[in-house]
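Notes for the structure review
Here is what each chain is made of, one letter per residue.
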Amino acid sequence: MQTIDYEEFAKIDLRVGTILQVENFEKARKPAYKIWVDFGAELGIKKSSAQVTALYQKEDLIGRQVIAVVNFKPRQIADFMSEVLITGFSDKNGDIVLSSLERSVPNGSRLH
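The protein has the name tRNA-binding protein in an unreviewed UniProt entry, where Algoriphagus faecimaris is given as its organism.

So this is what it looks like as structure tokens:
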């Protein structure tokens with residue numbers, strides 16, 4: 001395993017946001033959702049594509065807080081511009097389990 005120092009870690013901007021809207025992403029190669037996340041006043045609402053359809057229904061994601069990398073360059077996926085990377089872990093079947101919080105925190109809060 002390669003190690004990094006704190007300065008390298010600090011370059012990754014991980015923030016909390018609340019999911020506002022979810023749509024099926026029909027043009028994605030693998031099953032995915034288009035997701036809009038509110039990161040608070042500083043960052044506003046950002047879009048992401050997430051392959052979480054195996055474990056999550058659209059309506060179950062609304063209002064859920066997620067942890068996302070907000071300082072990656074935007075990435076074009078089919079006809080959709082993904083602006084942030086919502087984080088998660090693969091379960092034993094390879095399906096993505098979203099990273100979650102123990103308690104609610106203000107949107108835009110940064111991971112320390």
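All right, on to the sheet that holds strand E7 (residues 85–86) then. Taken in spatial order, the five strands make up an open sheet running E3-E2-E1-E4-E7, and their pairing is antiparallel. Across the chains shown, the open sheet's two edge strands, defined by having one partner strand only, are strand E3 (45–50) and E7. Relative to strand E4 (residues 65–69), strand E1 (residues 14–24) runs antiparallel, the two being bridged by five bridges. Paired with Arg-15 across the bridge in E4 is Ala-68.

All right, on to the pattern of salt bridges then. Summed over the entire model, instances satisfying the criterion amount to five salt bridges. Across the pair Glu-42 and Arg-15 runs a salt bridge, and its minimum N-O distance is 3.4 Å. One end of the pair, Glu-42, is in helix H2 (residues 40–43); the other, Arg-15, is in strand E1, and 27 residues separate them in sequence. Notably, a salt bridge pairs Asp-79 with Lys-27, separated by 3.3 Å at the nearest N-O pair. Taken together, the positions of Asp-79 in the loop between strand E5 (75–77) and strand E6 (80–82) and Lys-27 in the loop between E1 and strand E2 (33–38) put the pair 52 residues apart, joining distant regions of the chain.

Here we take up the packing of aromatic side chains. This model, assessed by the stated rule, comprises three aromatic pairs. Ring geometry for Tyr-6 against Phe-9: centres 5.9 Å apart, planes inclined by 55°, an arrangement best described as tilted. Remark: Phe-9 and Tyr-6 occur in helix H1 (residues 6–10); sequence separation between them is three residues, near one turn of the helix. Given a relative accessible area of 54%, Tyr-6 falls into the exposed group. Owing to a relative accessible area of 27%, Phe-9 belongs among the partly exposed residues under this scheme.

Looking now at the UniProt feature "domain: TRNA-binding" (unreviewed entry) in the protein. When the UniProt feature table is mapped onto this chain, "domain: TRNA-binding" (unreviewed entry) is found at residues 8–112. Secondary structure across residues 8–112 divides into 10% helix and 40% strand, with the first and last C-alpha atoms of the span separated by 13 Å.

Attention now goes to the side chain of Ser-99. Its place among the elements puts Ser-99 in the segment after strand E9 (96–98). Engagement of the side chain of Ser-99 in a polar contact is seen with the side chain of Thr-87, the distance being 2.9 Å. Discounting chain neighbours no more than four positions away, the residues touching Ser-99 are Gln-65, Val-66, Ile-67, Thr-87, Gly-88 and Phe-89.

Let's shift gears to the environment of Val-37. Residue position: Val-37 is located in strand E2. Excluding residues within four positions of it along the chain, Val-37 makes contact with Gly-17, Thr-18, Ile-19, Gly-44, Ile-45, Lys-46, Val-66 and Ile-86.

Moving on to the pairing of E2. Counting buried positions along E2 yields five of six residues, so the element is predominantly enclosed. Across six bridges, E1 lies against E2 in antiparallel orientation. The partner of Glu-23 across the bridge, within E2, is Lys-34. Here six bridges tie E2 to E3, and the two strands are oriented antiparallel to one another. Within E3, the residue paired with Lys-34 across the bridge is Ser-49.

What counts and what doesn't
Residues numbered from 1 in each chain as written. Predicted model: local features only at pLDDT ≥ 70, side-chain atom pairs only at ≥ 80, totals over all residues. Heavy atoms only, no water. Pairing = 2+ DSSP bridges. Helix = DSSP H or I, 4+ residues; strand = E, 2+ residues; numbered from the N terminus. Salt bridge = Lys/Arg side-chain N within 4 Å of Asp/Glu carboxyl O. Phe/Tyr/Trp six-rings, centres within 6.5 Å; stacked < 30°, edge-to-face > 60°. Buried < 20%, exposed > 50% of the residue type's maximum accessible area, 1.4 Å probe, protein only. UniProt positions renumbered as here; feature names shortened; annotations may be inferred. Polar contact = N/O pair within 3.5 Å; in protein donor to acceptor, adjacent residues only side chain to side chain. Contact = heavy atoms within 4.5 Å.

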